[in-house]
Amino acid sequence: MDVTSTTAASASASGGGRWYTGMSADNIKGLVLALSSSLFIGASFIIKKKGLKKAASSGVRAGVGGYSYLYEPLWWIGMITMIVGEVANFAAYAFAPAILVTPLGALSIIISAVLAHVMLREKLHIFGILGCVLCVVGSTTIVLHAPPEREIESVTEVWDLATEPAFMCYAAVVIAIAAILVYRFVPLFGQTHVMVYIGVCSLVGSISVMSVKALGIALKLTFSGTNQLIYPQTWAFTLVVISCIITQMNYLNKALDTFNTAVVSPIYYTMFTSLTILASVIMFKDWDRQNPTQIVTEMCGFVTILSGTFLLHKTKDLADGGLSTSSSFRLPTSSSVRFSKQTDEDGEGIPLRSSESFRSPH
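An unreviewed UniProt entry lists the chain under the name Probable magnesium transporter, from Miscanthus lutarioriparius. The record in UniProt for the chain states the following under Sequence similarities (unreviewed entry): "Belongs to the NIPA (TC 2.A.7) family." UniProt, in its Subunit (unreviewed entry) section for the chain, records the words "Homodimer."

In structure tokens form, the structure reads like this:
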């Protein structure tokens, strides 16, 4: 009996224990917040698009410089819905590791595509449906094997992690490459090579997510009764977040203004998410709390999400003759703001360059 009990206990520890370790209470909170964020933000693009269409029927279209949508209540409902989603996404980083929260941003694409199919009568291609399924399968795989959130009792602990040699080297390399891209390659190749603008956004974005997570942890601890606002480290992370937001907004808007959203979005999502996971692994040592099988499974889930994302963006324009159904992608910043060019209403097609970039300056 003793041997049997010991064997059962060992099996429970190796099997069921892995589940409880991976899905801790904080992980579950982060998962619920991330899913809620995807739902709200995915829906917000459809609501805003309906508002834009309604406003265009009685005023100048947004695609040609009009602002009549600002007087449309439906557009503001969509905007408020997006803000709610961004707040939920910001909170998710305070409870769950970035390796769990960031890839779930792909779910907003599914929600947006499905709602566009139902509410806007924009047909979803059969391969788009397959892309949705792949995103769901990949997200489920990552959720089931996500590492437990690291227990942190003070923002100074996060600062210690951020100032360790490994992450400092990563941050130095990221800043150096971003600076080279900005000062050397942007003036020469920014208007012709999509990877230049996206590279700056992705590199800076990986740093911003770590700062957002640090700031989220500080606020979570403050609201729970342990004031973290008295530490200068909290304000240092805040300054980093603000700096990263400004940089990301600038260069992502340049990319979306120059190139087609259907090209920018999947490439940006791939680079940004990959670098964010790498930064999280280095700073928070997520993989130190996992075995090789779990790590490989997570990577397989991530690749599955990427495959589904590319398939969605490659096929979503086929059914409507070049109309894009969604252009939403998660860009975590201080409020995990998703920046998206409002190209749905502009009828943007599949070419690499945006039609706006070919306009004469006259």
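K.L.:
What is the right way to read the layout of surface pockets from this model?
P.N.:
Sizing a probe to match a water molecule and rolling it over the atoms shows the empty space that remains. Volume-wise, the largest pocket comes out at about 530 Å³. Every element with two or more residues in the lining of the largest pocket is listed here: α8 (155-162), α9 (165-189), α10 (194-223) and α11 (232-258). Sort the elements by how many residues they give to the lining of the largest pocket and α9 lands first, with nine residues. Its residues placed into classes, the lining of the largest pocket shows 19 nonpolar, four polar and no charged.

K.L.:
Hey, could you run me through the nonpolar core in this one?
P.N.:
Most often, soluble globular proteins keep nonpolar side chains buried together rather than apart. Counting 77 residues, the largest nonpolar core has V158, F167, M210, V264 and M283 as its most contacted members. Take this core: its biggest share by element is 17 residues, from α10. Summarising the domain contributions, this core has at least three residues from each of domain 1 (25-122) and domain 2 (148-289). Once residues lying within four places of it in the same chain are set aside, the contact partners of M210 are A98, F167, T276, A279, S280, M283 and F284.

So, how was this worked out
- Residues numbered from 1 in each chain as written.
- Predicted model: local features only at pLDDT ≥ 70, side-chain atom pairs only at ≥ 80, totals over all residues.
- Heavy atoms only, no water.
- UniProt positions renumbered as here; feature names shortened; annotations may be inferred.
- 1 Å grid on protein atoms, 1.4 Å probe; cavity = no way out; pocket = protein on both sides within 12 Å on 5 of 7 lines; lining within 4 Å.
- Points joined across faces, edges and corners; volume = space filled by probe spheres on them.
- Helix = DSSP H or I, 4+ residues; strand = E, 2+ residues; numbered from the N terminus.
- Nonpolar A, V, L, I, M, F, W, Y, C, P; charged D, E, K, R; others polar.
- Core = buried A, V, L, I, M, F, W, Y, C linked by side-chain atoms within 4.5 Å.
- Buried < 20%, exposed > 50% of the residue type's maximum accessible area, 1.4 Å probe, protein only.
- Domains from an automatic or database assignment.
- Contact = heavy atoms within 4.5 Å.

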